[in-house]
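Per-entry structural report
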Amino acid sequence: MKIGSSIEELCNAHNNILKTELNFRYREIDFENLLTLKISEFAYKKVKTVVKSAFEALNHAVESYWLFFGDNIIQDIIIPYQHVSHAFVEVDGINILNLKKIIKESNLEILGWGHSHADFGVFFSTTDWRNQERVFNETSNYVIIRRKKENTVSKVIIKYSYGSTFNIHEDNFVQLTWQEPRGSIQHSRVNLEIIPSKNYLNFNFNSYGQEIQKYFSK
Ligand SMILES: [Zn+2]
């Protein structure tokens, strides 16, 4: 099931209004900006809580996943309903579709996904790469990339999303997946940058962790 328009549909649309809208709606950045994924301290503390809680609640080999959402910074995470009976998590497109509606109302987007590797290494498995492409296909983040070559600047719209793995040692592996119109899907490793935020001061991470544990123990 597809949620967002594919980049092909978007670029082939014979609709000038849509094309005009694109220029208004999408921010314009240099490609290098996409190579640092910014996450609010609040969202990062939630990630750490989920990784720890899942590790304590589950068999160590079982992964758990969440979706990142935000604007140009990850503001929060959402844990979709998931079957944790398998060692390797399979991202479910229908869950993304359901969450998409809720997220749309908040003017935030699903920027990608993350998952825990318990106390193992953080590099992507074959299943993780499959999930990465699934999330990429089922989300719809676009940005206009500026390219400077000598004295000329060219612009191209690209589709992108992020995928990531974390473990209890606070290692991370973050991948940007992106595609130019009619280009192939590409991946680049990116850095994570934690942005200080104050909105978590009243948030109870302990009870959040306990809730998560119950959820994973089902
Ligand atoms: Zn994995």
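Here the structure is shown first, and the text comes after it.
Residues numbered from 1 in each chain as written. Predicted model: local features only at pLDDT ≥ 70, side-chain atom pairs only at ≥ 80, totals over all residues. Heavy atoms only, no water.

Quick notes on the overall build of the protein
Helix and strand content of the protein: six helices and nine strands. Contacts in the protein between residues at least 24 apart in sequence constitute 69% of all its contacts with a sequence separation of at least 6. Total accessible area computed for the protein in this model is approximately 11700 Å², and 50% of it derives from carbon and sulfur atoms. (Helix = DSSP H or I, 4+ residues; strand = E, 2+ residues; numbered from the N terminus. Contact = heavy atoms within 4.5 Å. Areas by Shrake-Rupley, 256 points an atom, 1.4 Å probe, with all protein chains shown as cover.)

A closer look at the packing of aromatic side chains
A complete count under the given rule lists 15 aromatic pairs for this structure. Between Phe42 and Phe203, the ring centres sit 5.2 Å apart and the planes meet at 90°, which makes this aromatic pair edge-to-face. Of this pair, Phe42 sits in helix α3 (residues 41-57) while Phe203 sits in the loop between β9 (186-195) and α6 (205-217), and the two are 161 residues apart along the sequence. Overall, Phe42 belongs to the buried group, its relative accessible area being 6%. Judged by relative accessible area, Phe203 falls into the partly exposed class, the value being 27%. Counting every residue linked through ring pairs, the aromatic cluster contains Tyr65, Trp113, Phe123, Phe124, Trp129 and Phe173. The aromatic ring of Phe136 is capped on one face by Lys159, whose charged end is 4.8 Å from the ring centroid. (Phe/Tyr/Trp six-rings, centres within 6.5 Å; stacked < 30°, edge-to-face > 60°. Buried < 20%, exposed > 50% of the residue type's maximum accessible area, 1.4 Å probe, protein only. Lys NZ or Arg CZ within 6 Å of the ring centre and 35° of its normal.)

Let's talk about the environment of Ala57
If you trace the backbone, Ala57 turns up in helix α3. Between the C-alpha atoms of Ala57 and Ile212, which are 155 residues apart in sequence, the distance is 8.8 Å.

A closer look at the pattern of salt bridges
Applying the stated criterion to the full structure yields eight salt bridges. We note a salt bridge from Arg146 to Glu28, for which the minimum N-O separation is 3.7 Å. Note that Arg146 is positioned in strand β6 (residues 141-149) and Glu28 in strand β1 (residues 28-30), a separation of 118 residues in sequence. Residue Glu28 pairs with Lys155 through a salt bridge whose shortest N-O separation is 3.2 Å. Of the two residues, Glu28 is situated in strand β1 and Lys155 in strand β7 (residues 152-166); the sequence distance between them amounts to 127 residues. Here the residues in one salt-bridge network are Glu28, Asp30, Arg146, Lys148 and Lys155, joined through shared partners. (Salt bridge = Lys/Arg side-chain N within 4 Å of Asp/Glu carboxyl O.)

Comments concerning the environment of Tyr162
Turning to its location among the elements, Tyr162 is positioned in strand β7. Overall, Tyr162 belongs to the buried group, its relative accessible area being 5%. Linking Tyr162 and Trp113, residues 49 residues apart in sequence, is a C-alpha distance of 6.4 Å. If near-sequence neighbours (up to four positions away) are discounted, Tyr162 is found in contact with Leu34, Thr36, Leu37, Leu111, Gly112, Trp113, Gln132, Val174, Gln175, Leu176 and Val190. Polar side-chain contacts of Tyr162 include one of 2.6 Å to the backbone oxygen of Leu34. (Polar contact = N/O pair within 3.5 Å; in protein donor to acceptor, adjacent residues only side chain to side chain.)

Some thoughts on helix α5 (residues 126-138)
The terminal C-alpha atoms of α5, which comprises 13 residues, lie 19 Å apart, in line with the 18 Å expected from a rise of 1.5 Å per residue. Here α5 has its buried residues at Thr127, Asp128, Asn131, Gln132, Val135, Phe136 and Glu138. (Expected span 1.5 Å × (residues − 1).)

A short note on α3
Every α-helix winds through 3.6 residues per turn, so residues three or four apart in the chain are directed the same way. With 17 residues, α3 ought to run about 24 Å at 1.5 Å a step, and its terminal C-alpha atoms sit 24 Å apart, in line with that. Taken as a whole, α3 has its buried residues at Phe42, Ala43, Tyr44, Lys46, Val47, Thr49, Val50, Val51, Ser53, Ala54 and Phe55.

Concerning unusual backbone geometry
Positive phi is not limited to glycine here, since Glu170 has a value of about 65°. One can find Glu170 in the loop between β7 and β8 (172-179). Among the residues examined, Glu170 registers a relative accessible area of 43% and is labelled partly exposed. Unusually for a residue other than glycine, Arg182 sits at a positive phi of about 65°. Residue placement: Arg182 occurs in the loop between β8 and β9. Judged by its relative accessible area of 57%, Arg182 is exposed.

A look at the nonpolar core
Generally speaking, soluble globular proteins have nonpolar side chains that are buried together. Formed by 33 residues in total, the largest nonpolar core has its most connected members in Leu34 and Trp66. Residue contributions to this core peak at six residues, all from α3. Here Leu34 is in contact with Ile29, Val143, Ile145, Ile158, Tyr160, Tyr162, Leu176 and Val190, once residues within four sequence places are set aside. Of all hydrophobic cores here, the second largest spans 16 residues; its members include Tyr65, Val89, Ile103 and Ile110. (Core = buried A, V, L, I, M, F, W, Y, C linked by side-chain atoms within 4.5 Å.)

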